[in-house]
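Residue-level structure breakdown
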Amino acid sequence: MVDHSFFLRMLFYSFFKSLVGKDVIVELKNDLSICGTLHSVDQFLNIKLTDISVSDSDKYPHMLSVKNCFIRGSVVRYCHIPAEEVDPALLMDATRKEAQQNKQSAGA
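The following refers to the structure shown. Treat the numbers as computed from the prediction; the structure is a model and nothing was measured. (Residues numbered from 1 in each chain as written. Predicted model: local features only at pLDDT ≥ 70, side-chain atom pairs only at ≥ 80, totals over all residues. Heavy atoms only, no water.)

Once that is clear, we can look at the pairing of strand β1 (residues 23-28). Here β1 pairs with strand β2 (residues 33-41) via 5 bridges, running antiparallel. When the bridges of β2 are listed, E27 appears paired with S33. Where β1 folds back onto β2 in an antiparallel hairpin, the turn is made up of 4 residues, including D31, whose phi is positive at roughly 75°. Summarising the sheet, β1 and strand β5 (residues 76-80) pair through 4 bridges and their orientation is antiparallel. By the bridge assignment, L28 is partnered in β5 with V76. (Pairing = 2+ DSSP bridges. Helix = DSSP H or I, 4+ residues; strand = E, 2+ residues; numbered from the N terminus.)

Laid out in C-alpha cells, this is it:
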C-alpha cells in the first residue's frame, strides 16, 4: 500500500525548503498568527522562524519578548507566503509528477 500523505508531505517539504530566508506568516490552529523569516523546515513540516512578531500583540503580550520560535507542523493551520515566491507552473508540474509516481506505485 502506498502512503500518499508521505508523497504530499515531501512535495510541501521541498517547496518550503525553497522559501528559507523569506518572510512568511504562519497561522496556528489556536488563531495566533506569527510573522517571521523562515529559518528552517523539516520533513514533518515543523517550522523555525526568526525575527518574529505577532499580529495581535494585545491578545498575546507574552510573545512580544520572543524573537525566534519553533512551530510543530501539526499545529499549523495556514502558511501565508509572498505571491512572488510562488511559481504556479513549477508547483503544477511537481504535483503532476507526484501523481504519476503514485499511479505507477499503485500499479506495481
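Taken together, 5 strands build an open sheet; the order of strands is β4-β3-β2-β1-β5 and the sheet is antiparallel. Edge positions in the open sheet fall to β4 (68-71) and β5, since each of these has one partner strand only. Strand-to-strand twist of the sheet, defined as the mean angle between neighbouring strand axes without regard to direction, takes the value 40°. Relative to β4, strand β3 (residues 47-54) runs antiparallel, the two sharing 4 bridges. Residue pairing across strands places T50 opposite N68, the latter belonging to β4. (Axes fitted to C-alpha atoms, helices over the stretch in contact; angles between N-to-C directions.)

A negative phi angle is the norm for most residues apart from glycine, just as the trans form is the norm for most peptide bonds. Phi angles above zero are rare outside glycine, and D31 is one such case at about 75°. Along the polypeptide, D31 turns up in the loop between β1 and β2. Here D31 falls in the partly exposed class, since its relative accessible area comes to 47%. Despite not being glycine, L45 shows a phi value in the positive range, around 65°. Residue placement: L45 occurs in the loop between β2 and β3. (Buried < 20%, exposed > 50% of the residue type's maximum accessible area, 1.4 Å probe, protein only.)

Time to look at the layout of surface pockets. Considered as a void within the structure, the largest pocket measures approximately 190 Å³ in volume. L11, S14, F15, S18, E85, D87, L90, L91 and A94 together form the lining of the largest pocket. Of all elements in the fold, only α1 (4-17) and α2 (88-107) reach the threshold of two or more residues within the lining of the largest pocket. Here the lining of the largest pocket is built from residues that sort into 5 nonpolar, 2 polar and 2 charged. (1 Å grid on protein atoms, 1.4 Å probe; cavity = no way out; pocket = protein on both sides within 12 Å on 5 of 7 lines; lining within 4 Å. Points joined across faces, edges and corners; volume = space filled by probe spheres on them. Nonpolar A, V, L, I, M, F, W, Y, C, P; charged D, E, K, R; others polar.)

What follows concerns the packing of aromatic side chains. Summed over the entire model, instances satisfying the criterion amount to 1 aromatic pair. A centroid spacing of 5.7 Å and a plane angle of 65° characterise the contact between F15 and F16, whose relative ring orientation is edge-to-face. Just as F15 is buried, F16 falls in that class too. (Phe/Tyr/Trp six-rings, centres within 6.5 Å; stacked < 30°, edge-to-face > 60°.)

Our focus in this paragraph is the nonpolar core. Ranked by internal contacts, the top residues of the largest apolar core, which has 19 residues, are V26, I34, I47, L49 and I71. Where this core is concerned, the elements lending two or more residues are α1, β1, β2, β3 and β4. Among the elements that make up this core, the one with the highest residue count is β3 (4 residues). Residue contacts for I71: discarding those within four places in its chain leaves V26, L28, I34, N46, I47, L49 and V76. (Core = buried A, V, L, I, M, F, W, Y, C linked by side-chain atoms within 4.5 Å. Contact = heavy atoms within 4.5 Å.)

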